[in-house]
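Per-entry structural report
Residue-level listing of the chains:
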Amino acid sequence: MKNGKRSWILYATLLVLFWGVWGAFSSQPNSKYGYPNEMIYVIWAFTMLIPAYFAMRGNKFDRRPVAAVYGLIAGLTGAGGQLLLFRALADGPAYLIFPLVSLSPMITVLMAMVLLRERIARIAVVGVVLALVAIVLLSIPGGGGDSNAHGPWLLMAIAICIAWGVQAFCMRKAALVGVNDATTFGWMTISGLLLVPVAFAMMGKFPTGYPWQAPTLTAVTQVLNAIGALFLVMAFSRGKASVVAPITNALAPVLTIILSLMVYQTLPSVWGSIGIVLALGGSTLMVYSDEKGGESSVAQGVLDTPAEVGPATQRL
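The residue numbering used here restarts from 1 in each chain and proceeds along that chain's sequence as written. At least 70 in pLDDT is required for a residue's local features to be given in this predicted model, at least 80 for side-chain atom pairs to be given and counted, and no such filter applies to totals for whole chains, interfaces and linings, which use all residues. As a convention, hydrogens and water are excluded, and side-chain values are obtained from all of the structure's heavy atoms.

1. So, the nonpolar core
Let me state the cut-off plainly: Buried residues of nine kinds, namely Ala, Val, Leu, Ile, Met, Phe, Trp, Tyr and Cys, make up a nonpolar core once their side-chain atoms join them within 4.5 Å. With a 1.4 Å probe rolled over the protein chains alone, any residue whose accessible area is under 20% of its type maximum counts as buried; one over 50% counts as exposed, and the rest are partly exposed. A run of H or I in DSSP becomes a helix once it reaches four residues, and a run of E becomes a strand once it reaches two; helices and strands are each numbered from the N terminus. The contact criterion used is simple: two residues touch if any of their non-hydrogen atoms lie within 4.5 Å.
Core analysis: the biggest nonpolar cluster contains 71 residues, and W8, Y41, M48, M171, F185 and F236 have the highest contact counts within it. Ranked by the residues each element gives to this core, the list is headed by helix α13 (residues 213-238), at ten residues. Each residue touching M171, except ones within four places of it in the same chain, is listed here: A74, M188, L232, V233 and F236. If you look at the next biggest cluster of nonpolar residues, it comprises eight residues, including L85, V101, W153 and I160.

2. Concerning the confidence of the model for the chain
As a reminder of what qualifies: For every residue, the predictor assigns a confidence score, pLDDT, that lies between 0 and 100.
On average, the chain scores 85 in pLDDT, and the residues at 70 or more come to 86%. For the chain, helix α1 (residues 2-5) is the element with the lowest average pLDDT, namely 50, and helix α11 (residues 181-194) is the one with the highest, namely 97. Here residues 295-316 is a poorly scored stretch, pLDDT under 50, and it has three contacts once near neighbours within four places are set aside; other chains count.

3. Some thoughts on the packing of helix α10 (residues 152-176) against α13
The following threshold applies: Orientation is described by axes fitted as lines to C-alpha atoms, over the contacting stretch for helices, and by angles from 0 to 180 degrees between their N-to-C directions. Working rule for angles: under 35 degrees goes down as roughly parallel, over 145 as roughly antiparallel, 65 to 115 as roughly perpendicular, anything else as oblique. In this scheme the handedness of a crossing depends on how the near helix is turned from the far one: anticlockwise by less than a right angle means left-handed, clockwise means right-handed.
Running from amino to carboxyl end, α10 crosses α13 at an angle of 55 degrees, the nearest separation of the two axes being 8 Å. Judged on the interaxial angle alone, α13 and α10 are oblique. The handedness of the crossing between α10 and α13 is right-handed. On the side of α10, the interface is formed by A168, M171, R172 and A175, while α13 contributes L232, V233, F236, S237 and R238.

4. Observations concerning a nonpolar patch on the surface
Spelled out, the test is: Every patch collects residues that have over 30% relative accessible area and no salt bridge, joining them within 9 Å if they carry like charges and within 5 Å if they are nonpolar side chains (Val, Leu, Ile, Met, Phe, Trp, Tyr). For every accessible area listed, the method is Shrake-Rupley and the probe measures 1.4 Å; residues are considered covered only by the protein chains on display. Salt bridges, as used here, are contacts in which a Lys or Arg side-chain nitrogen is within 4 Å of a carboxyl oxygen on Asp or Glu.
Residues L154, L155, I158 and I162 make up a contiguous nonpolar surface patch of roughly 350 Å² in combined accessible area. Tracing the backbone through its elements, the reader meets I162 in helix α10. Judged by relative accessible area, which is 41%, I162 ranks as partly exposed.

5. Digging into the pattern of salt bridges
Enumeration over the complete set of coordinates arrives at three salt bridges. A salt bridge links R64 to D62; the shortest N-O distance between them is 2.9 Å. For D62, a relative accessible area of 13% puts it in the buried group. A salt bridge links R172 to E118; the nearest nitrogen and oxygen atoms lie 3.6 Å apart.

6. Thoughts on the side chain of T47
Convention followed: Any pair of N or O atoms that falls within 3.5 Å is considered a polar contact. Within protein, one atom must be able to donate a hydrogen and the other to accept it, and sequence-neighbouring residues count only if both atoms are side-chain atoms.
Take T47: it is sitting in helix α4 (residues 37-47). A relative accessible area of 6% places T47 in the buried class. A polar side-chain atom of T47 sits 2.6 Å from the main-chain carbonyl oxygen of W44. Beyond its immediate sequence surroundings of up to four residues, T47 is in contact with A219, Q222, V223 and A226.

7. Some details on the packing of aromatic side chains
Operational definition: For Phe, Tyr and Trp, where Trp contributes only its six-membered ring, two rings pair if their centres lie within 6.5 Å, and the inter-plane angle classes them as stacked under 30 degrees, edge-to-face over 60, or tilted in between.
Under the defined criterion, the tally for this structure stands at eight aromatic pairs. Note on Y35 and Y210: the rings are 5.3 Å apart at their centroids and 85 degrees apart in plane angle, and the pair reads as edge-to-face. Of the two residues, Y35 sits in the loop between α3 (28-33) and α4 while Y210 sits in the loop between α12 (196-203) and α13, which places them 175 residues apart along the sequence. The partly exposed category is assigned to Y210, whose relative accessible area is 33%. Here a set of aromatic residues connected by ring pairs shows up, and it is made of Y11, F18 and F231.

8. Focus: α4
Among the eleven residues that make up α4, nine are buried, leaving the element largely enclosed by the rest of the structure. Those residues of α4 that are buried are in contact with α3, α5 (49-56), α6 (65-91), α11, α12 and α13.

9. Some points on the packing of α5 against α11
Note the cut-off: Three residue categories are used. Nonpolar comprises Ala, Val, Leu, Ile, Met, Phe, Trp, Tyr, Cys and Pro, charged comprises Asp, Glu, Lys and Arg, and polar comprises the others, including Gly.
Direction vectors running N to C along α5 and α11 enclose 155 degrees, while the axes themselves pass 9 Å from each other. It follows that α5 is roughly antiparallel to α11 by the angle criterion. The chirality of how α5 crosses α11 is left-handed. Contacts from L49, P51, A52, A55 and M56 of α5 reach α11 at A182, T183, F185, T189 and L193. Each residue belonging to the contact of α5 with α11 can be placed in one class, and the counts come to eight nonpolar, two polar and no charged.

Next comes the structure, spelled out in structure tokens:
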């Protein structure tokens, strides 16, 4: 029970690994071959079928309406936010959009504390704050200078931030009402596929003339993204949303930066360096707090054992 309760740490670690690697190479199809972002979305939507297949093996699909509601909300807010991000980036500066979008864990934390009554230790609160600050700093690109500081992209960025915060909350809520991970991820996969026609409409026509390396590289990187999304669902079903959301969103970019340094010989910016330190420090505090909380629960259980199970043992 003790290890099962905190198995979110394992799945959060796997998520960071897969999303960290994905983040380091995900931009290559577009930056190297000019492959449309909307087409990248389409390929990602279909790669979701791979982890969905393995997730459903040995699991029963929950047909309750509550499972469909939370699953579809989680899927549509996640996939819809991704499509909206493409449109926002076409109209506004990335160096302002990404820091704003990166605040989505704050939405999740607030919803979890208000609606789910989640309470975390003071040391974990410090860790959450450090992680949230780190997320913003890690999202600030090295360069800037775009004068387009206002426009429709601002409202779109705010909408994406809210959508992704709600998505994470719905993952946790689904688990609390007894929906298994496979069902939630299954509905997320269905949601992503439902928006494929929208992606094609945004492109206007099917892209042609690109080398085979573009869709192939896209498929390989997006499989990592899809598998990471499954681990995210599994982490939220086992851990508090107020802890899982900031810790995963903070550590994945850290691994991406490290890999970028190794592969592309690219040094992080000053803000990125500070963000790395804060992300590692905040995550350590949250995990440490969870470990101490588990030890306290076990200790309390040991103290309560004689009074609670003693008479039953005597009857045996």
